[in-house]
Amino acid sequence: MLVSMGSSSLTINGFLEDSLSEPDIGVTDRFRWHATPVGIAALWTDASQPSTPPFEEAVEEGLNVGLDLSREEREFHQVQQGLVLLFHS
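On a predicted model such as this, the values are computed, not experimentally measured, just so you know.

(A) Layout of helix α3 (residues 55-62). Phe55, Ala58, Val59, Glu61 and Gly62 are the residues of α3 that are buried. Buried-residue contacts for α3 involve β2 (31-36), β4 (73-79) and β5 (82-88).

So, in structure tokens, the structure goes:
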């Protein structure tokens, strides 16, 4: 049986937006951290927008909440809540 689902629920951005409304797993100087179905999401919270995705800053700050993200795959997404850096295996 074919079940129709809204397209936003099938996209990574949809998963991220849903997960960002859940309680965070930590907060650092420039990020709010969330566990999502697609990986660890770092929501940029600094007032100034970076010119390039700040992956190295996220890796450094992730250590402050017990996350070693140095070997994870990285991608970024712009969602309603802002810039999200996504780390996954």
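(B) Local environment of the sheet that holds strand β3 (residues 39-44). Strand order in the open sheet formed by 5 strands is β1-β2-β3-β5-β4, and the pairing between neighbours is antiparallel. Each edge of the open sheet is held by one strand with a lone partner, namely β1 (26-27) and β4. Where β4 lies against β5, 7 bridges are found, and the strand directions are antiparallel. Residue pairing for β5: Glu73 is matched across the bridge by His88. Relative to the sheet, helix α2 (residues 12-20) contacts β2, β3, β4 and β5, its axis offset from that of β4 by approximately 75°. Along the sheet face, α3 touches β2, β4 and β5 and points at about 80° away from the line of β2.

(C) Representation of the pairing of β5 in the model. Taken across its 7 residues, β5 has 6 buried, putting it largely inside the fold. Both β3 and β5 contribute to a ladder of 4 bridges, which runs antiparallel. Residue Ala41 lies in a different strand from β5, and its bridge partner there is Leu86. Connecting β4 to the next strand, β5, in antiparallel fashion are 2 residues.

(D) Here's a closer look at the packing of aromatic side chains. Taken as a whole and judged by the stated rule, the model has 3 aromatic pairs. Taking the centre distance of 5.6 Å and the plane angle of 50° together, the rings of Phe31 and Trp33 count as tilted. Trp33 matches Phe31 in its accessibility class, with the two residues each being buried. Seen from their ring centres, Phe55 and Phe87 are 6.1 Å apart, and the 90° between their planes marks the pair as edge-to-face. Placement of the pair is Phe55 in helix α3 and Phe87 in strand β5, with a sequence separation of 32 residues.

(E) Spotlight on the pattern of salt bridges. On inspection of all chains with the given rule, the structure shows 2 salt bridges. Salt-bridge contacts for Glu61 lead to Arg30; the nearest nitrogen and oxygen are separated by 2.6 Å. Here Arg30 lies in the loop between β1 and β2 and Glu61 lies in helix α3, a separation of 31 residues in the sequence. Given a relative accessible area of 5%, Glu61 falls into the buried group. By relative accessible area, Arg30 is classed as partly exposed at 26%. Salt-bridge contacts for Glu56 lead to Arg74; the nearest nitrogen and oxygen are separated by 2.9 Å. In this pair, Glu56 sits in helix α3 while Arg74 sits in strand β4, placing the two residues 18 residues apart along the sequence. Among the residues examined, Arg74 registers a relative accessible area of 31% and is labelled partly exposed.

What counts as what
Throughout this description, residue numbers start from 1 for each chain and increase along the sequence as written. Note on the predicted model: pLDDT of at least 70 is required for a residue's local features to be given, and 80 or more for side-chain atom pairs to be given and counted; whole-chain, interface and lining totals, by contrast, use all residues. With hydrogens and water set aside, each side-chain value is computed from the structure's full complement of heavy atoms. Working definition: with a 1.4 Å probe on protein chains only, accessible area under 20% of the residue-type maximum means buried, over 50% means exposed, and in between means partly exposed. Note on conventions: DSSP H or I runs of at least 4 residues are helices, E runs of at least 2 residues are strands, and numbering of each starts at the N terminus. Residue contacts are counted whenever heavy atoms from the two residues lie within 4.5 Å of one another. One bridge is not enough; two strands pair if DSSP finds at least two bridges between them. Each axis is a line fitted through C-alpha atoms, taken for helices only over the stretch in contact, and angles between the N-to-C directions span 0 to 180 degrees. Here a pair means two rings of Phe, Tyr or Trp (six-membered ring of Trp) with centres within 6.5 Å. Their orientation is stacked below 30 degrees between planes, edge-to-face above 60, and tilted elsewhere. A carboxyl oxygen of Asp or Glu within 4 Å of a side-chain nitrogen of Lys or Arg is what we treat as a salt bridge.

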